[in-house]
Amino acid sequence: SLIERYCKILSVLRNTTLLPTHIMYKTNISWVELTKLLSHLEDNQELIKRTTLCECEEGLDYRHTSALHYTLTGEGMTTLLTYQTVCSDLGLNLK
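Residues numbered from 1 in each chain as written. Predicted model: local features only at pLDDT ≥ 70, side-chain atom pairs only at ≥ 80, totals over all residues. Heavy atoms only, no water.

K.L.:
Just checking my understanding: could you explain the nonpolar core for this structure?
P.N.:
Soluble, globular proteins show a tendency: their nonpolar side chains are buried together. Judged by nonpolar contacts, the single largest core of 18 residues is most densely connected at Ile 9, Leu 13, Ile 23 and Ile 48. In this structure, Ile 9 is in contact with Ile 23, Thr 27, Ile 29, Leu 34, Leu 37, Leu 38 and Leu 41, ignoring residues within four places of it in sequence. (Core = buried A, V, L, I, M, F, W, Y, C linked by side-chain atoms within 4.5 Å. Buried < 20%, exposed > 50% of the residue type's maximum accessible area, 1.4 Å probe, protein only. Contact = heavy atoms within 4.5 Å.)

See the structure below:
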């Protein structure tokens, strides 16, 4: 479902910052669909934000410092935790 795809993106961004291509491979979502979903999560919902790696936490990989990365916002983390709680309460298996 669409909600599952959104939450899959939020889940892979939990506690990390990733290049869009890495998000694509980890979520198994096509590039065309992923760009639409990322845009919606960022622009309409503000659940993720675009950043360059040098703006992020220390200790990360600095090979792509000028490339665009995505990271989870506080609101995104709250949304992800709510989704996981609902799935757990319903006894649904999260992948």
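K.L.:
Sorry, what's going on with helix α3 (residues 31-44) here?
P.N.:
Structural remark: α-helix, 3.6 residues per turn; residues separated by three or four positions point the same way. Taking 1.5 Å of rise per residue, 14 residues should cover 20 Å, and α3 covers 19 Å from first to last C-alpha, within 8% of that figure. Buried within α3 we find Leu 34, Leu 37, Leu 38, Leu 41 and Glu 42. When α3 is viewed along its axis, its buried side chains cluster within an angular range of 125° and face the same direction. The exposed set on the far side of α3, more than 90 degrees from its buried face, consists of Val 32, Lys 36 and Asn 44. (Helix = DSSP H or I, 4+ residues; strand = E, 2+ residues; numbered from the N terminus. Expected span 1.5 Å × (residues − 1). Arc of directions from axis to C-beta.)

K.L.:
Please explain the environment of Thr 52 as it appears in this structure.
P.N.:
Summarising the element assignment, Thr 52 is placed in strand β2 (residues 48-52). Exposure remark for Thr 52: the relative accessible area of 18% places this residue in the buried category. Taking C-alpha positions, Thr 52 is 9.3 Å from Thr 17, a pair spaced 35 residues apart along the chain.

K.L.:
Just checking my understanding: could you explain the pattern of salt bridges for this structure?
P.N.:
For side chains bearing opposite charge, pairing can occur when the charged atoms are close. Under the definition given, this model contains two salt bridges. One salt bridge connects Arg 5 with Glu 33, and the closest N-O pair in it is separated by 2.4 Å. You can see Arg 5 sitting in helix α1 (residues 2-12) and its partner Glu 33 sitting in helix α3, a full 28 residues away along the chain. Note that Arg 50 is salt-bridged to Glu 42, the shortest N-O span being 2.9 Å. (Salt bridge = Lys/Arg side-chain N within 4 Å of Asp/Glu carboxyl O.)

K.L.:
I would appreciate a short explanation of helix α2 (residues 20-27) in the present structure.
P.N.:
Of all the residues in α2, the buried ones are Pro 20, Ile 23, Met 24 and Thr 27. Seen from one end, α2 has its buried residues packed into an arc of 100°, which puts them on one side. Residues of α2 that are exposed and point more than 90 degrees away from the buried face comprise Tyr 25 and Lys 26. The secondary structure elements touched by the buried residues of α2 are α1, β1 (17-18), α3 and β3 (68-72).

K.L.:
Looking at this structure, how should I read the pairing of β3?
P.N.:
Of all five residues that make up β3, four are buried, and the element is covered over most of its length. The pairing of β1 with β3 spans two bridges and is classified as antiparallel. Residue pairing in the sheet places Leu 18 in a bridge with Tyr 70 of β3. Alignment of β2 against β3, held across five bridges, turns out to be antiparallel. From the neighbouring strand, Lys 49 faces β3, where its bridge partner is Thr 71. (Pairing = 2+ DSSP bridges.)

Read these as layout, nothing more, since geometry by itself doesn't imply function.
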